[in-house]
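# Structural overview for review
For reference, the chains in residue letters:
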Amino acid sequence: MRWLDSGQSAMMAALDHGPAHMPAELFAGSPERVLAGMKVHANTISHARLVALEETFPRTREHIGHDRFNQHSRLFVVQPRVTALPLAQIGTGFDRFLIDEGETAAAADLARFEWLWLTAYHAAEAEPLALDVLTGLTPDELLEHTIMRHPAAYASQFDPLVHQLIGAEVAGLDAAEAIVIARPQAQVLVSPASALMAQLLAATKNPVTISNLLNQPGESMDNNEAAVAAIMQALVALINAGAIAQV
Amino acid sequence: MLADIIPPSPLPPGTGVGLKPQHYSQALELVSASIVGSDSSSCSDSVLSWFEVHPQNYFGAGGPPHRWLTAFAERVPLSFHSVGLSLGSRDGVDCDELEQLAALCNRYAPAMVSDHLSWSGSASNRYPDLLPVPYTNEALDHFAAQVALVQDRLGRTMLIENPSRYLAFAGDEMSEADFLHTLCARTGCGILFDINNIEVSATNLGLEADAMIDAIDPTLVGEVHLAGHASEDHPHGPLLIDDHGSRVSDETWRLFERFAQRAGARPVLIEWDTDVPEFDALLAEAAIAAAIIRRATRNRQSVRGKLHALA
């Protein structure tokens, strides 16, 4: 059996589908010894993937219980899309998979929170915008000032369970409409947010002037003084949360 | 035979450990203290001379891991020990991994880069494991082409680690040492010699560990790895599992000393990747390795002195 033509495929079939697919002529030694060797590799592969998921979603695992988490994980890690991922990305889409497997929206949202937290942890560095930069500007300069979402910042509305669980560690989160996850410097910060803050952060995915931000289409508020004040207040809160970057 | 040619290695010929997040603070304190008052860029007063990391753990764009790695890179030489290039895969090296590795090398300029004599599945099915490669001319041709491709992209030579094996191929046409030596000759790469892998492979496959140690040309070895392993008892014999989860075994220490007597001082790494202990436990293992290197160096000098007197 030529290795590159068929040997690797045969070995992968045995690793993926079990001993019945073992290529008898490929390895030397007794069948028992070959089977034991293949088991070491199969166990290493499975263990590494499962541990990576456990380490990515510790709160979700605690919430739904180890046995159910393990049951879901074993099915998830053999999905064709998932087997193509490096271990660092293996949590991609796990929240949606939990829904498909019949878990509650709350459990899936907790997984989504944990994934965003980890994404923020590893995201690119950028200088966070300091409020002092804006306070020194004239009104016209302020309107033309360009801002952008910090690459390590996310804001979203989550299931009440997430607010309750994370709220035990972050003041004000339990009653908040949304949550900001941001890493302006070394540490990931979790802050309470309004729905407007989440909406604004989404609108700053690409560089945008504050003037344009004040005229976002789809705003429920008219561009009146109160609306402008509300948007500026939300923007200041995002800046204080470390969620806006210098451009 | 005593090795007369020391292979050029930008790593210092002392001991290093695998850098773990839980040890960042203590390790940085140690190396920072060691270089105070020293004109060397390495922590020469410490038992540790360098650190090794898996580059895949730093493929994220930013965050605390990069802040720590930057601090270490400013103080000590680093070795990047990749686990993801999948050099032996039929489809060829994983290009995404290679590009990320190249970017990381540009960012940190590590003293050494290495990966394994292995493969890890395909693009659609990436196994987080290091699977064995048959020692055939077909596999050698393919593997050498992939090593050359990586070295061209990185603009540097690399080291290839001998694997821990649980399986032997029926169609093997050469020994592991011959495979590695030919690979080095064809590509200019060096060997990362994992002594624990020798004990694991020899036990699992019924080979002579001493002969495997002696078969490796020490002038090609740019780095040595030492680690612990787990052991399972089976009716068909013991099965050693290379889990990097315990102290270096007595047998691996013995094999290392056998190699060191012939090779002299080399950069030596203590690997401990699962059930990671306190940092002091790694330092204790590194101290044992350093003592063996010193003893081997003294013995080599003594033998050379006697040979000189006879001449």
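Here's a quick rundown of the structure. All values reported here derive from a predicted model rather than from experimental measurement. (Residues numbered from 1 in each chain as written. Chains lettered and ligands numbered in written order. Predicted model: local features only at pLDDT ≥ 70, side-chain atom pairs only at ≥ 80, totals over all residues.)

The next point concerns the overall build of chain A. When helices and strands are counted, chain A shows 13 helices and seven strands. Taking 18 Å as the expected radius of gyration for a compact globule of 247 residues, we find that chain A reaches 24 Å, considerably beyond that expectation. Looking at chain A as a whole, 37% of its 247 residues are labelled buried. If you take every contact in chain A between residues at least 6 apart in sequence, the share linking residues at least 24 apart comes to 63%. (Helix = DSSP H or I, 4+ residues; strand = E, 2+ residues; numbered from the N terminus. Rg over C-alpha atoms; globule rule 2.2 N^0.38 Å. Buried ≥ 20, exposed ≤ 12 C-beta atoms within 10 Å, placed from the backbone. Contact = placed C-beta atoms within 7 Å.)

Interface size is often expressed as the accessible area that is lost when the parts come together. Contact residues are listed per partner, giving 38 residues for chain A and 35 residues for chain B. Taken together, the elements giving at least two residues each to the side of chain A that touches chain B come down to α1 (3-17), β1 (27-28), α2 (31-56), α5 (80-83) and α7 (105-122) of chain A. Ranked by residue count, the leading element in the side of chain A that touches chain B is α2 of chain A, at 12 residues. Of the residues contributing to the side of chain A that touches chain B, the split by class is 22 nonpolar, nine polar and seven charged. Pairing analysis gives two bridges linking β1 of chain A to strand β8 (residues 168-169) of chain B, with the strands arranged antiparallel. Looking across to β8 of chain B, one finds that A28 of chain A is bridged to A168 of chain B. (Nonpolar A, V, L, I, M, F, W, Y, C, P; charged D, E, K, R; others polar. Pairing = 2+ DSSP bridges.)

One finds I160, L183, I191 and L226 of chain B to be the most contacted residues of the largest nonpolar core, which totals 91 residues. Here this core takes seven residues from helix α9 (residues 279-310) of chain B, the largest share from any one element. Excluding anything up to four places from it in sequence, L183 of chain B contacts L140, F143, A144, V147, I160 and C189 of chain B. In this structure, F57, A123, L196 and A243 of chain A belong to the second largest nonpolar core, which totals 54 residues. (Core = buried A, V, L, I, M, F, W, Y, C linked by C-beta atoms within 7 Å.)

Glancing now at unusual backbone geometry. All names here are of chain B. For S86, which is not a glycine, the phi torsion comes out positive at approximately 55°. The residue S86 is located in the loop between β3 (78-81) and α3 (95-108) in this model. What makes S86 buried here is the crowd of 27 C-beta atoms within 10 Å. Non-glycine residue D275 carries a positive phi angle of around 50°. Its location among the elements puts D275 in the loop between β13 (268-271) and α9. Of the residues examined, D275 has 10 C-beta atoms within 10 Å and is grouped as exposed.

Residue and element names in this part refer to chain A. The strand order β3-β4-β5 describes an open sheet built from three strands, whose pairing is antiparallel. Taken across any chain shown, the strands that pair with only one partner, and hence form the sheet edges, are β3 (153-156) and β5 (189-193). Ignoring strand direction, the axes of neighbouring strands in this sheet form an average angle of 20°. Where strand β4 (residues 178-182) and β5 come together, five bridges link them in antiparallel fashion. Bridge pairing in β5 places I181 opposite V190. Where helix α11 (residues 195-203) meets the sheet, it contacts β3, β4 and β5, and its direction lies at approximately 135° from that of β3. (Axes fitted to C-alpha atoms, helices over the stretch in contact; angles between N-to-C directions.)

All names here are of chain B. Taken together, eight strands build a closed barrel; the order of strands is β1-β2-β3-β4-β7-β9-β10-β13 and the barrel is parallel. Neighbour-to-neighbour, the strand axes of the sheet open up by a mean angle of 30°, direction not taken into account. Pairing analysis gives three bridges linking strand β4 (residues 112-116) to strand β7 (residues 159-161), with the strands arranged parallel. Opposite S114, over in β7, you have L159 as the bridge partner.

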